[in-house]
Every structure is written in structure tokens, then in C-alpha cells.
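Structural features, examined
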Amino acid sequence: MSFDVERVRKDFPIFEREVNGHPLVYLDSANTSQKPVQVLDVMRAHQERYNGNVSRSVHTLGTESTEAYEGARARIATFIGAASPDEVVFTKNSTEAINLAAHSLGQMLRLGPGDEVVISEMEHHSNLVPWQLLCERTGATLRWFGISDDGRLDESNLDELVTERTKIVSLVHMSNVLGTVNDVTRIAARARSAGALLMLDCSQSVPHLPLDVQALGADLIAFTGHKMLGPTGIGVLWGRLDLLAQMPPFLAGGSMIETVTMAGTTFAPPPARFEAGTPPITEAIGLGAAVDYLTGLGMAAIHEHEQTITRYALDALSSVPGVRIFGPATIEGRGGTVSFGVDGVHPHDVGQILDALGVEVRVGHHCARPVCSRFSVPAMTRASFYLYTTTAEIDALARGLDQVRKVFG
Ligand SMILES: Cc1ncc(COP(=O)(O)O)c(C=O)c1O
């Protein structure tokens, strides 16, 4: 059965609206995705009918809430192929998940001078600044993979970068700027043989690709609910259970303890150890509903649809004179995020003209300044696609770029 994008769009109330007198053309899903009514309904039902705090109430509402919260955890675990729901730690977003990992691993590994952490030039600031801060705090050294001219991870110096000094490798799985999907097979094998832990920032891959954490070869991954049809305020740190069990807590407070006396505290096993305080309950339940929705359509079918759209967009954009695409020019090893420049026009002007036509793209450095520096530009325009994107919307983008060229001569 072919993917029925028009049917899918009917689930998203936002597509009924206009922007500046034009039908909404939403090409900013790498930034945040739109939400289907199935997710909105589930969240509303929780607030309206069975709101109660989790893991602490004996009353009916608390029990129902806890069941829904833990049920969401279990379905998210299945969605990513986790060995157990206990491997799924709820956080606020990817950023918090990565900060949690950086703090906790730094302490667990007693990171210090002589140790190395390896990232890449392709990182979102969320997977860069926490490791910079960790290295500053501990005296460890930060090293990184570069980016090749065609926007792929440059692994040519893998053996020099990942050595017995390397304690942690943390890489973006799919770039939020270049769209590159990094095949981490070789890096994972090298990290394993060097005795280093591998973390992957899957913020852009979990929403768009069928993903199995067992096959990926990583020890930890992070992703964020709002980019995968869920609400803001909820993210996930997945980790191998034996690793999570060794990691010290990040935030401390209620719900993460085993025993507390005035003399000291012992901590709950994961995931509770990492979920201090009242968690984002409705948001976790909403993310569970998002995962149900994605599973219902099938991640392979969603991915295939996005590949079709991306191929169409790469063709359309490369036929607009003066447009330069940053990142892989072909569909191989890339996802549906396409950044580009228009000769002689600042991305903010591109974004404004497109917005006037109802076409919503992101402009700027995309929280990945080193990527912009790598391509010697201060900013880029980015169009990013999802399961609801149509070829007609790509045509609207191309027409908008013609308009940009007219306005700027
Ligand atoms: C690759 C990547 N990593 C991390 C993040 C951070 O996500 P959040 O802001 O939800 O924590 C983003 C968000 O744009 C991203 O694209």
C-alpha cells in the first residue's frame, strides 16, 4: 500500500490554517514537528480525566496516571528496540539527556587530564557544549572528526582520533544542518576496541528512520519528543541497562532515592535514579501516543516517503539558479533536511520572503555554528521535511526562491 500523505495531513489540524494569506507550507520539522490530533487528544484526556502524580499516590487517579506514564515508557522502548523499558530515561529534551550523560559519565569514569572525549564538527551545540564544559571541568581533552566537502563525516583519521586515551565518543546520528546520516559502524567498532563509550545524538534520526538501538552499536542515545510528533518538554536518554546501573545521578530530589537519612542517601535503580522530581507526565504520555501514531504508519513507510520528497527537493533546488546546497547532493546517506544558500542574498531575507508566501523555513546557524564555519558562511536557509510534506509544498518553496531572485535581482 502506498503512503497516503493527504490522508496523513488530515490528522494535523494546523494544516487548516493560512499564513500571510497563503496555505501553510511547513518546512521546518527539523526544528519542531507538528502534532496530530491523536497526540493532542491523548494529552487532553490525561489532563481532563485522570491527572494525578506518578509513582507516589495510592489513589485511583495516581495509579491510572502511573500506568499511562509507564505504558508510554514501555512503548517507546519497543519503538527503539530497547531490551527493557528500564533503559528509557525520561528527560526534558535531548539537551538535558546529553547533559545528564556528560555529568554522570564524567564522574563515573573519573575523567581527568590525559583522557579524551571525541565529538565532531557536525554537532548541534547540544552535543558540543556539554562535552566542552566537561573537559574544562576535568582537564580532559576534546577532539573531533571533521566534515568532508560533500558534507559527510570525515573518518579518515579515525585511528588517530579514537585511541586508548579516548573515554567517550559522542556523535550526531543525523545532522540537523546537512541532513547527513552517519553510518557509525566503523566508529562503533573502533570505540569498542579502544574501550570507549559511544553516545549518539539521535534527535534527528529517531523521528525519521527505523532505528534499533541493539543494532546501532551505541551505549547511549538521546532524542527529543517535539521533533517526532510529541510535545515539547519530554526527551529520552536510552542506555544499556548495565551501564545506566553504574552511572551516578545527575539531578537529585524526590523519586530518585532508595533510602534517605540525615547522614546520607542511596539511589533507586534506573530509570528512576535519573528522574528526580515530578516528571513531565502528560508530555511523556503524549510522546507515547506519538510513537503509537508513527508505529501505526510504519517507520519504513515514513522513511520511504521522506526519501521521495527529499529526492524531489534536491532536484528542485539544484535547478534554481544561484542556489548552493550544503551537504550530500544525492539521497544516499542523507535524510530530509536540506540546507542551502542563495547567491548574494542573506538567509534572513530569504526566510522573510518565503514567510510572506506562507513557506516556513529556518534561517540562521541552526545551533551548529561550526558547521556554518566549515562552509565559510555565517548562516544558511534550511528546509526540512516529514511524513506530512508533499511535492506541492516543494514546488511552493521553489516558486518562493524564484521570487527571492526577482526581488534581489
Ligand atoms: C541534532 C540535534 N541535537 C540536539 C538537538 C536539541 O534538541 P532539544 O532542543 O529538543 O534539546 C537538536 C534540536 O534541534 C538537534 O537537531
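The rules behind each value
In this convention, every chain numbers its residues from 1, walking through the sequence in written order. The predicted origin of the model limits local features to residues at a pLDDT of at least 70 and limits the giving and counting of side-chain atom pairs to 80 or more, whereas totals for whole chains, interfaces and linings rest on all residues. In computing side-chain properties, one takes all heavy atoms of the structure into account and sets aside hydrogens as well as water. Basic side-chain nitrogens of Lys or Arg form a salt bridge, by our definition, when they fall within 4 Å of a carboxyl oxygen of Asp or Glu. Secondary structure elements follow DSSP: runs of H or I of four or more residues count as helices, runs of E of two or more count as strands, with numbering from the N terminus. The classification of residues rests on relative accessible area computed with a 1.4 Å probe and restricted to protein chains. Under 20% of the type maximum is buried, over 50% is exposed, and intermediate values are partly exposed. Here, two residues are considered to be in contact whenever any of their heavy atoms come within 4.5 Å of each other. What a helix should span is 1.5 Å times the count of its residues minus one. Paired strands, in this sense, are two strands between which DSSP finds at least two bridges. UniProt positions are given in the numbering used here, feature names are shortened, and annotations may be inferred rather than shown by experiment. In protein, a polar contact requires one atom able to donate a hydrogen and another able to accept it; more generally it is a pair of N or O atoms within 3.5 Å, and residues adjacent in sequence count only if both atoms are side-chain atoms. Neighbouring residues are identified by heavy atoms, a residue being near a molecule or strand if any of them is within 4 Å of it. Areas reported as accessible are Shrake-Rupley estimates using a 1.4 Å probe. Residue values count occlusion only from the protein chains shown. Polar here means any residue other than Ala, Val, Leu, Ile, Met, Phe, Trp, Tyr, Cys and Pro, which are nonpolar, and Asp, Glu, Lys and Arg, which are charged; Gly is therefore polar.

The next point concerns the pattern of salt bridges. Taken as a whole and judged by the stated rule, the model has 16 salt bridges. With its nearest N and O atoms 3.3 Å apart, the salt bridge here joins Arg9 to Glu393. In this pair, Arg9 sits in helix H1 (residues 5–9) while Glu393 sits in helix H14 (residues 391–407), placing the two residues 384 residues apart along the sequence. Residue Arg9 shares its accessibility class with Glu393, and that shared class is buried. With its nearest N and O atoms 2.8 Å apart, the salt bridge here joins Arg240 to Asp219. Here the residue Arg240 occupies a position in the loop between strand S11 (235–239) and helix H9 (241–246), and Asp219 occupies one in the loop between helix H8 (213–216) and strand S10 (220–224), the gap between them amounting to 21 residues. Given a relative accessible area of 11%, Asp219 falls into the buried group. Sharing partners across several salt bridges, the network here consists of Glu70, Arg73 and Glu275.

Let's shift gears to the environment of Arg143. For Arg143, the position within the fold is in strand S6 (residues 141–147). A relative accessible area of 25% places Arg143 in the partly exposed class. Separated by 22 residues in sequence, Arg143 and Glu121 have C-alpha atoms that sit 9.5 Å apart. Discounting chain neighbours no more than four positions away, the residues touching Arg143 are Glu116, Val117, Val118, Ile119, Glu160, Leu161 and Arg165.

Taking 1.5 Å as the rise per residue, helix H3 (residues 60–80) with 21 residues should run 30 Å; its terminal C-alpha atoms sit 30 Å apart, in good agreement. Residues of H3 that are buried include every one of Gly62, Ser65, Thr66, Ala68, Tyr69, Ala72, Arg73, Ile76, Ala77, Phe79 and Ile80, and no others. Looking one or two residues past H3, Gly81 carries a phi angle of roughly 75 degrees, positive in sign.

What follows is about unusual backbone geometry. In this structure, the amide linkage connecting Pro270 to the following residue, Pro271, adopts the cis form with an omega of 5 degrees. Mapping Pro271 onto the fold places it in the loop between strand S13 (264–267) and helix H10 (281–297). Even without being a glycine, Arg110 presents a positive backbone phi close to 45 degrees. Locating Arg110 in the fold gives a position in the loop between helix H4 (94–108) and strand S5 (116–120). Residue Arg110 is classed as exposed on the basis of its relative accessible area of 71%. Backbone geometry places Leu229, a non-glycine residue, at a positive phi of 80 degrees. With respect to the secondary-structure elements, Leu229 resides in the loop between S10 and S11.

Moving on to the pairing of strand S4 (residues 88–91). Alternating positions in S4 separate into two faces, Val88 and Phe90 on one and Val89 and Thr91 on the other, with burial throughout. With 4 bridges joining them, S4 and S11 adopt antiparallel strand pairing. Looking at S11, one finds that Thr91 is bridged to Gly235.

Turning next to the UniProt feature "domain: Aminotransferase class V" (unreviewed entry) in the protein chain. Here, UniProt's "domain: Aminotransferase class V" (unreviewed entry) annotation points to residues 25–397. Counting secondary structure, residues 25–397 comes out at 38% helix and 19% strand; the distance between its end C-alpha atoms is 8 Å.

Secondary-structure assignment places Glu332 in the loop between strand S14 (323–326) and strand S15 (337–342). Sequence spacing of Glu332 and Gln307 is 25 residues, and the spatial spacing of their C-alpha atoms is 9.3 Å. In terms of polar contacts, Glu332 uses its side chain to reach the side chain of Thr330, at 3.1 Å.

Okay, the site of the ligand next. Surveying the vicinity of the ligand reveals 13 residues, the closest of which are Thr95, Asp201, Gln204, Thr224 and Lys227. Thr95 is positioned with one of its side-chain polar atoms (N or O) 2.5 Å from an oxygen atom of the ligand. For the ligand, an oxygen atom lies 2.7 Å from a polar atom in the side chain of Gln204. Against a free-state accessible area of 390 Å², the protein chains account for coverage of 90% of the ligand. Residue composition of the shell around the ligand, grouped by class: 1 nonpolar, 10 polar and 2 charged.

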